Amino acid sequence: MAIQKIDGVDAVNNFPAKFISVFCVGTVAKGDVVMIDTSVNRALSQTSDAFGLSVKKATATDNLSTAIGIATEAITSLPSGVTGFYIQIQYAGFCTLPTCEAGTGITVGTFVGSSATTQGAIQEFAGATAVTGSVAPFAFCVDAYTAATNDGAIIILDKGFFNA
């Protein structure tokens, strides 16, 4: 008789997540928040971008609405004349990679946005009811973070940008 494997059996949890390979402009560390980079033009050969847009490490700006996911790979340096490489990012689902900004933690159940003080880091979304065109959460916290660590977990909200 076969045993049906379900989530949690043998203490192994399966959490849903979505990944895609995109062109990343500049350097980025594994676990950094990435944002849409609209400064890169669509190349007909598709060798310099993905779906007409690229990503880059999120700037130190409060709760960017263009924050799209978390880098699961790193680009540590670029050869002369090269603007970036293709990397894999996670754009939806359970994620334990990002680092919380220094000086603050994130509590369970709160929305998460890009950090105002540290490029590529996350912070508790300030003004959870004040979502505008330039300010929006991209995740919510499911395991609490302490300041300047990656000891928590988030669920990244699928913004519907990628169809992979």
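Just above, that's the structure.
Residues numbered from 1 in each chain as written. Predicted model: local features only at pLDDT ≥ 70, side-chain atom pairs only at ≥ 80, totals over all residues. Heavy atoms only, no water.

Peer 1: Is there a simple way to explain the packing of aromatic side chains in this structure?
Peer 2: What describes a pair of aromatic rings is the distance from one ring centre to the other and the angle between the planes of the rings. The final tally for this structure, using the stated rule, is four aromatic pairs. On the basis of an interplanar angle of 90° and a centroid distance of 5.0 Å, the ring pair of Phe161 and Phe162 is categorised as edge-to-face. Looking at Phe162, the relative accessible area reads 7%, which means it is buried. Through a chain of ring-to-ring contacts, three or more aromatic side chains come together here, namely Tyr91, Phe161 and Phe162. (Phe/Tyr/Trp six-rings, centres within 6.5 Å; stacked < 30°, edge-to-face > 60°. Buried < 20%, exposed > 50% of the residue type's maximum accessible area, 1.4 Å probe, protein only.)

Peer 1: I tried to follow the pattern of salt bridges on my own but got confused; where do I start?
Peer 2: Note that side chains of opposite charge can pair when their charged atoms are close. Per the counting criterion, the structure on display carries two salt bridges. Close ionic contact of Lys18 with Asp158 constitutes a salt bridge, the shortest N to O distance being 2.8 Å. Of this pair, Lys18 sits in strand S1 (residues 17-25) while Asp158 sits in the segment after strand S9 (153-156), and the two are 140 residues apart along the sequence. For Lys18, a relative accessible area of 37% translates into the label partly exposed. The salt bridge involving Asp32 is made with Lys57; its shortest N-O contact spans 3.3 Å. Here Asp32, found in the loop between S1 and strand S2 (33-37), pairs with Lys57, found in strand S3 (residues 54-57); they are 25 residues apart in sequence, far enough to count as distant. Here Lys57 falls in the partly exposed class, since its relative accessible area comes to 25%. (Salt bridge = Lys/Arg side-chain N within 4 Å of Asp/Glu carboxyl O. Helix = DSSP H or I, 4+ residues; strand = E, 2+ residues; numbered from the N terminus.)

Peer 1: Whenever I open this one, the pairing of strand S8 (residues 139-143) confuses me. Can you help?
Peer 2: Each regular strand carries side chains that alternate between the two faces of the sheet. As judged from the two bridges shared by strand S6 (residues 111-114) and S8, these two strands associate in the antiparallel manner. When the sheet's bridge partners are listed, Phe111 is paired in S8 with Phe140. Bridging between S8 and S9 involves four bridges; their strand directions are antiparallel. Bridged to Phe140 within S9 is Ile155. (Pairing = 2+ DSSP bridges.)

Peer 1: Sorry, what's going on with the environment of Asn14 here?
Peer 2: The residue Asn14 is located in the segment before S1 in this model. The exposed category is assigned to Asn14, whose relative accessible area is 63%. Distance in space between the C-alpha atoms of Asn14 and Phe94 is 9.5 Å, their sequence separation being 80 residues.

Peer 1: Explanation requested: the nonpolar core in the structure shown.
Peer 2: Val112, Ile122, Phe138 and Ile154 are the most contacted members of the largest nonpolar core, which totals 17 residues. Mapped onto this core, the elements with two or more residues apiece are S2, strand S4 (67-71), S8 and S9. (Core = buried A, V, L, I, M, F, W, Y, C linked by side-chain atoms within 4.5 Å.)

Peer 1: Would you mind going over the environment of Asp62 with me for this structure?
Peer 2: Counting through the fold element by element, Asp62 comes out in the loop between S3 and S4. Since its relative accessible area comes to 36%, Asp62 is described here as partly exposed. Here the alpha-carbon distance between Asp62 and Val135, two residues 73 residues apart in the chain, equals 7.4 Å. A distance of 2.4 Å separates the side chain of Asp62 from the side chain of Gln123, its partner in a polar contact. (Polar contact = N/O pair within 3.5 Å; in protein donor to acceptor, adjacent residues only side chain to side chain.)

Peer 1: Looking at this structure, I do not really get unusual backbone geometry. What am I missing?
Peer 2: For residues other than glycine, phi is negative in most cases, and the peptide bonds are mostly trans. Its identity is not glycine, yet Asn63 carries a phi of approximately 50°, on the positive side. Position of Asn63 relative to the elements: it lies in the loop between S3 and S4. One non-glycine residue, Ala148, adopts positive backbone phi at about 60°. Topologically, Ala148 is positioned in the loop between S8 and S9. In this structure Ala148 comes out as partly exposed when scored by relative accessible area, which is 45%.

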